[in-house]
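# Structural overview
Letter by letter, the chains look like this.
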Amino acid sequence: MTDTVIRAENLSKRYFLGKRPRSILGEKKQKNEAFWALKDVSFEIKAGEVVGIIGRNGAGKSTMLKILSRITKPTGGYAEIRGRVGSLLEVGTGFHPELTGRENIFLNGAILGMHRWEINKKFDEIVAFAEIDQFLDTPVKRYSSGMYVRLAFAVAAHLDPEILIVDEVLAVGDAVFQKKCLGKMGEVAAKEGKTVLFVSHNIEAVSRLCTQAIFLQNGSLKLFDKVDTVINSYLQLKMGLSSEKIWQKDKAPGNEIVELIYVRAQDENGKVRELFNISEPVYISIVYKVKKSGYILSAVINFFNERDINVFDLHDVSQQWRKKEKEIGTYCSTVKIPENFLSEGLFLIGVAILTPNPFYVHIHEKDVIVSNVVDDLAENSARGDFIGHFPGVVRPLMKWKTELINSENIIN
Amino acid sequence: MKNLREFNIHHKRKNITIIQPQKGLIALDFQEIWAYRDLLYLLVWRDIKSRYRQMALGPLWIVLQPFLTIVIFTVIFGNFAKIPSDGSAYPVFAYTAFLPWQLFATATAKSSDSLVNNLPLISKVYFPRLVIPIAAVFVSLVDFLASFGILLMMMLFYRSYPTLAVLTLPLYLLLAVATSMGVGLWFASLSVKFRDVSIAVTYIIQLWFYATPVIYPSSMVPEVWRGLFLLNPMAQVVEGFRWALLGTGRSPDGITLASIVLVLILLVSGAFYFRQTEGSIVDSI
């Protein structure tokens, strides 16, 4: 069924900057500057879709969720929502520290709009998901922050709405539980056909979970499309970079010997892409023009991750050109980065052209293109069946061999 | 199968939420409040339960507080100041009035502060906001019922038995609740814009206390002022309580009716004003 469950037409929200409670004691009148947190945003979301909402801070993401979950009213426009909405804008809203875990489950459930019989029905499931059975009758003020978040998410996850609106709530809690929550949300959408609206700064999470995404910029809807397309556009804007860099003739970096033309990241079929699955190879091509013959020239690529760690460098050491001087002409050097080697995340790629001996750097350009690697949890990556936090700057898939070498029980 | 589909469609139609800018007067929507009755119940229960956790005497405080106040009143106003008590024993005279007063005072203060106190909740979850001040009033009502037990024991002790007029007691109770609700709704809505409201409320309640015949009988008020004095709905409640329980005080009359009308105006306007402010609560934090 392709029922429209959320339809928004020209939703707008205006705030007044510097609006404070008026004082009757004749305070100097403040200038009330209007500011549109959301401006003419229209979209339609169909049942069963998982839609990510991305954008910079202040782009209007939270405002939109607040309007859709009826916490605040729009200044203009109209929206129609079909079905029960469960919104989770903050984990543990309304938890009372003095009350026990058991009592808070009922309280929080009611706050989120559940009836008591519904909570009763799901009580055991909630407790099991939160893994807090021994502490059920302990006041939550004695809980560790991890337990607190687990309990709060567990209640919300069992809310059973037709439409689930989730803000950046998963920023809290440990990574393992974050992934568990993401898994649960994905499951809710896939198996039960529920609609999920999900705001996050975590591009990885959005790309893994969502089928579509809305890109908000300065309160306006910039793009609403398939998640890959939207993330590409977002990254381009965020970094000012994309997966392809083509220089204009007069601005190309270079010297009198060599000059760059373009650099790009592409897939096996030569298609430029910004989002790669962890289990497919990434090809980086550098196209450059040699203007003066007689030099040994080698292309270089630097890989940096989001934390600015130089993950690795690659030098063109192919036998064909290793010790051979290049003639005048245009060259294309392509390197294949194998599947199951890069870790998940964003990579910033820099390029250089150098002569190895005597060492001389002709061109060195940092942050030329970006590439984004995601794991769709298809279980053919180094993750296997593990969905928790996976550290490491690279994530190679290595061969393992395990065999039973002694079947006796050595403890006895 | 077809029936199920039809049911689904029908069911879904019922669940349509329309979101649009606030225009004109907003309906009170009692149906929605009823749908959230579990939340109302749990908010009341949360308040009561959490208040007495980690207290040695626990819920005993509900009855101990008014009881101690009455001891003080009796000593100061009954014994030292020798204020007349319309023929009843002073402790019973004062306590009968102090109970509904206490209900009004705490309910008003609590509901006035309720929106500001619950801002974290309001800014994160949607529910009919009216639930919040209503819950605040209910909490005070629970306290009232507990301390009402003390009054019954006191009346037994002083051998003061009510007449059939006691049947009107729930109506007076309702008037007290309606008054505090009306005042509370106005103050709660105002407190969103002006945070000094909660300070003002404390003083207003204090003044109101002296304008209400709790520690003195209304017969002490000069004749010229009595009409105006009795327009105060709490004066009506307090005197009504005495009339219903002790046979002293004042029986309901024309002024009672006028003051009920006043409360109704206050309550209805308060509720509509509250609904009007409701939509912008989160924006004016």
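The structure displayed is predicted, hence computed values, not measured ones.

### As for unusual backbone geometry
Residue and element names in this part refer to chain A. Pro358 follows Asn357 through a cis peptide bond whose omega is -5°. When you line up the elements, Pro358 lands in the loop between β17 (345-355) and β18 (360-374). At Asp367, a position not held by glycine, the phi torsion is positive, near 45°. Examined against the element boundaries, Asp367 turns out to sit in strand β18.

### Points about the nonpolar core
Counting residues in each nonpolar core, the largest one holds 169 residues, and the members touching the most others are Leu68(A), Phe198(A) and Trp101(B). Residue contributions to this core peak at 14 residues, all from helix α5 (residues 90-117) of chain B. The contact partners of Trp101(B), leaving out residues within four places of it in the chain, are Ile205(B), Trp208(B), Phe209(B), Thr212(B), Val214(B) and Met234(B). The next biggest cluster of nonpolar side chains, apart from the first, holds 31 residues, and it includes Ile257(A), Val290(A), Phe303(A) and Leu342(A).

### A closer look at the interface of chain A and chain B
Facing 46 residues of chain A, the contacting portion of chain B comprises 38 residues. Contact between chain A and chain B buries roughly 3900 Å² in total, counting both sides, with carbon and sulfur atoms accounting for 59%. Contact with chain B buries surface across chain A, with Arg70(A), Ile71(A) and Lys73(A) losing the most and accounting together for 17% of the total. Connecting chain A to chain B are three salt bridges. Between Lys49(B) and Glu103(A) there is a salt bridge, with its nearest N and O atoms 2.8 Å apart.

### So, the sheet that holds strand β5 (residues 85-88) of chain A
All names here are of chain A. Spatial ordering of the open sheet is given by β5-β6-β7-β3-β8-β9, a layout of six strands whose pairing is mixed. Two strands bound the open sheet, and with one partner strand each, they are β5 and β9 (220-226). Between one strand axis and the next, the sheet turns by 15° as a mean value, whatever way the strands run. Strands β3 (50-54), β8 (212-217) and β9 of the sheet are contacted by helix α7 (residues 227-239), whose axis makes an angle of about 135° with β9.

### Description of a nonpolar patch on the surface
On the surface, a nonpolar cluster with roughly 970 Å² of combined accessible area is contributed by Met55(B), Leu57(B), Leu60(B), Trp61(B), Phe67(B), Leu68(B), Val71(B), Ile72(B), Val75(B), Ile76(B) and Phe80(B). Summarising the element assignment, Val75(B) is placed in helix α4 (residues 60-80).

### Describing the packing of aromatic side chains
Residue and element names in this part refer to chain B. A full pass over the atoms with the stated rule returns 23 aromatic pairs over all chains. Seen in terms of ring centroids, Trp186 and Tyr273 are 4.7 Å apart; in terms of plane orientation they differ by 25°. Their pairing is stacked. Taken together, the residues span a long stretch of sequence, with Trp186 in helix α8 (residues 169-193) and Tyr273 in helix α12 (residues 254-278) at a distance of 87 residues. Owing to a relative accessible area of 29%, Trp186 belongs among the partly exposed residues under this scheme. Taking the centre distance of 6.4 Å and the plane angle of 40° together, the rings of Tyr216 and Phe229 count as tilted. Linking Tyr216 in the loop between α9 (197-210) and α10 (223-231) with Phe229 in helix α10, this pair joins segments that are 13 residues apart in sequence.

### Details of the packing of helix α3 (residues 37-51) of chain B against helix α7 (residues 131-157) of chain B
Two measures define how a pair of helices packs: the angle their axes make with one another and the distance between the axes. Residue and element names in this part refer to chain B. At a closest axis distance of 9 Å, the pairing of α3 and α7 adopts a crossing angle of 50°. With respect to their mutual orientation, α3 and α7 come out oblique. Judged by the sense of rotation from one axis to the other, the crossing of α3 with α7 is right-handed. Of α7, the residues touching α3 (which contributes Leu39, Leu40, Leu43, Val44, Asp47, Ile48 and Arg51) are Val131, Ile134, Ala135, Phe138, Val139, Val142 and Asp143. Classifying every residue of the contact of α3 with α7 by side-chain character gives eleven nonpolar, no polar and three charged.

### Some remarks on the sheet that holds β17(A)
All names here are of chain A. Taken in spatial order, the five strands line up as β12-β18-β17-β14-β15 in an open sheet, and their pairing is mixed. Because the sheet does not close on itself, it has two edges, and the strands there are β12 (275-277) and β15 (310-315). Strand-to-strand twist across the sheet, computed as the mean angle between neighbouring axes with direction ignored, equals 30°.

### Things to note about the pairing of strand β14 (residues 298-305) of chain A
Within β14(A), eight of the eight residues are buried, which leaves it mostly tucked inside the rest of the structure. What you see with β14(A) is no split at all: Ser298(A), Val300(A), Asn302(A) and Phe304(A) on one side and Ala299(A), Ile301(A), Phe303(A) and Asn305(A) on the other are buried throughout.

### Re the side chain of Arg242(B)
Secondary-structure assignment places Arg242(B) in helix α11 (residues 233-246). Excluding residues that lie within four positions of it along the chain, Arg242(B) makes contacts with Phe93(B), Ala94(B), Thr96(B), Ala97(B), Pro213(B), Val214(B), Tyr216(B), Pro217(B), Gly247(B), Thr248(B) and Gly249(B).

Reading the values: the criteria
Residues numbered from 1 in each chain as written. Chains lettered and ligands numbered in written order. Predicted model: local features only at pLDDT ≥ 70, side-chain atom pairs only at ≥ 80, totals over all residues. Heavy atoms only, no water. Helix = DSSP H or I, 4+ residues; strand = E, 2+ residues; numbered from the N terminus. Core = buried A, V, L, I, M, F, W, Y, C linked by side-chain atoms within 4.5 Å. Buried < 20%, exposed > 50% of the residue type's maximum accessible area, 1.4 Å probe, protein only. Contact = heavy atoms within 4.5 Å. Buried area = accessible area lost by both parts, 1.4 Å probe. Salt bridge = Lys/Arg side-chain N within 4 Å of Asp/Glu carboxyl O. Pairing = 2+ DSSP bridges. Axes fitted to C-alpha atoms, helices over the stretch in contact; angles between N-to-C directions. Patch = residues over 30% accessible without salt bridge, like charges linked within 9 Å, V, L, I, M, F, W, Y side chains within 5 Å. Areas by Shrake-Rupley, 256 points an atom, 1.4 Å probe, with all protein chains shown as cover. Phe/Tyr/Trp six-rings, centres within 6.5 Å; stacked < 30°, edge-to-face > 60°. Parallel < 35°, antiparallel > 145°, perpendicular 65-115°, else oblique. Left-handed = near helix turned anticlockwise from the far one by under 90°. Nonpolar A, V, L, I, M, F, W, Y, C, P; charged D, E, K, R; others polar.

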